[in-house]
Amino acid sequence: MSTPPLAGAGMPPGAFSGTQAQAAREVNTASLCRIGQETVQDIVFRTMEIFQLLRNMQLPNGVTYHTGTYQDRLGKLQEHLRQLSILFRKLRLVYDKCNENCAGLDPVPIEQLIPYVEEDGSKHDDRGAASQLRFASEERREIMEVNKKVKQKNQQLKQIMDQLRNLIWDINAMLAVRN
């Protein structure tokens, strides 16, 4: 007695592979952003390699230069530039696809994305903003007063240091005269 082969719980064998292909074709925006990030990293890496190649190349300043080495480095440089242009095209496709996926979304104001806790649990009103503004202005005024006091103390300390410097100078002068 043999068991019949299972093909996706009663589905025909080709149907399951078709749904996998459709799922692979439909890529969500988050995975597109990840692909875009990886593409940008590849672009940066390729650009660094191009600069490394350019730094190692010698300028044609009349010195004998091996044409084989020059051709090899020129070929590498052209290959990197070609790959870089491919990566930029890929990035443009990802960017366009992300914009296409997000075109129907309503833009959310940034203020709504920042979570905050309210005291009474009601919606944000003008009284809360006014009290926050008053609190911030009081805090700013206090900081200004503290800064003013710190400046005064610094000036006093500078005067004391100047007096001590002059006193030490006088003491050293008297000791020098005595000897």
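Worth saying up front: this structure is predicted, and the values here are computed from it rather than measured.

Colleague: Before we go on, may I ask you to explain the overall build of the protein in this structure?
Modeller: Secondary structure assignment for the protein yields five helices and zero strands. Listed by position from the N terminus, the elements making up the protein come as α-α-α-α-α. Looking at the protein as a whole, 8% of its 179 residues are labelled buried. Considering only intrachain contacts with a sequence separation of at least 6, the fraction spanning at least 24 residues in the protein is 76%. About 16,200 Å² of surface is accessible on the protein, with carbon and sulfur atoms providing 60% of the total.

Colleague: I'm lost on the pattern of salt bridges in this one. Help?
Modeller: Side chains that differ in charge, positive against negative, can pair when their charged atoms come close. On inspection of all chains with the given rule, the structure shows nine salt bridges. A salt bridge links glutamate 49 to arginine 46; the nearest nitrogen and oxygen atoms lie 3.6 Å apart. Placement of the pair is glutamate 49 and arginine 46 together in helix H2 (residues 29-56), with a separation of three residues, close to one helical turn. Taking the relative accessible area as the measure of exposure, glutamate 49 reaches 22% and is therefore partly exposed. Judged by its relative accessible area of 23%, arginine 46 falls in the partly exposed class. The residue arginine 141 makes a salt bridge to glutamate 145 at a minimum N-O spacing of 3.3 Å. Residue arginine 141 and its partner glutamate 145 are located together in helix H5 (residues 126-178), separated by four residues, close to a single helical turn. A relative accessible area of 40% places glutamate 145 in the partly exposed class. The network of salt bridges with shared partners includes Lys158, Asp162 and Arg165.

Colleague: Looking at this structure, how should I read the nonpolar core?
Modeller: As a rule of thumb, nonpolar side chains are buried together in soluble globular proteins. Of all hydrophobic cores here, the largest spans six residues; its members are Ile43, Ile50, Met57, Leu77, Leu84 and Leu87. Those elements giving two or more residues to this core turn out to be H2 and helix H3 (67-102). Sorting elements by how many residues they give to this core places H3 first, with three residues. With near-sequence residues (within four places) excluded, leucine 77 lies in contact with Ile50, Leu53, Leu54 and Met57.

Colleague: Would you explain the UniProt feature "coiled-coil region" (unreviewed entry) in the protein in this entry?
Modeller: Mapped onto the present numbering, the UniProt feature "coiled-coil region" (unreviewed entry) falls at residues 133-170. Taken end to end, residues 133-170 is 100% helix and 0% strand, and its first and last C-alpha atoms sit 55 Å apart.

Colleague: Would you explain a nonpolar patch on the surface in this entry?
Modeller: A cluster of nonpolar side chains, namely Leu157, Ile160, Leu164, Leu167, Ile171, Met174 and Leu175, defines an oily patch on the protein surface of about 670 Å² accessible area. Its place among the elements puts isoleucine 160 in helix H5. Note on isoleucine 160: relative accessible area 45%, which makes it partly exposed.

Colleague: Before we go on, may I ask you to explain the environment of glycine 36 in this structure?
Modeller: Following the sequence through the fold, glycine 36 ends up in helix H2. Look at glycine 36 and you get buried, because its relative accessible area is 8%. In this structure, the C-alpha to C-alpha distance between glycine 36 and leucine 87, residues 51 residues apart in sequence, is 9.8 Å. Beyond its immediate stretch of four places on either side in the chain, glycine 36 contacts Leu91 and Val94.

Colleague: What's the story with the side chain of histidine 80 in this structure? I'm lost.
Modeller: Structurally, histidine 80 is set in helix H3. By relative accessible area, histidine 80 is classed as buried at 15%. Side chain to side chain, histidine 80 and arginine 46 meet in a polar contact 3.5 Å long. Apart from residues lying up to four places away in sequence, histidine 80 is in contact with Arg46, Glu49, Ile50 and Leu53.

Calculation rules
- Residues numbered from 1 in each chain as written.
- Predicted model: local features only at pLDDT ≥ 70, side-chain atom pairs only at ≥ 80, totals over all residues.
- Heavy atoms only, no water.
- Helix = DSSP H or I, 4+ residues; strand = E, 2+ residues; numbered from the N terminus.
- Buried < 20%, exposed > 50% of the residue type's maximum accessible area, 1.4 Å probe, protein only.
- Contact = heavy atoms within 4.5 Å.
- Areas by Shrake-Rupley, 256 points an atom, 1.4 Å probe, with all protein chains shown as cover.
- Salt bridge = Lys/Arg side-chain N within 4 Å of Asp/Glu carboxyl O.
- Core = buried A, V, L, I, M, F, W, Y, C linked by side-chain atoms within 4.5 Å.
- UniProt positions renumbered as here; feature names shortened; annotations may be inferred.
- Patch = residues over 30% accessible without salt bridge, like charges linked within 9 Å, V, L, I, M, F, W, Y side chains within 5 Å.
- Polar contact = N/O pair within 3.5 Å; in protein donor to acceptor, adjacent residues only side chain to side chain.

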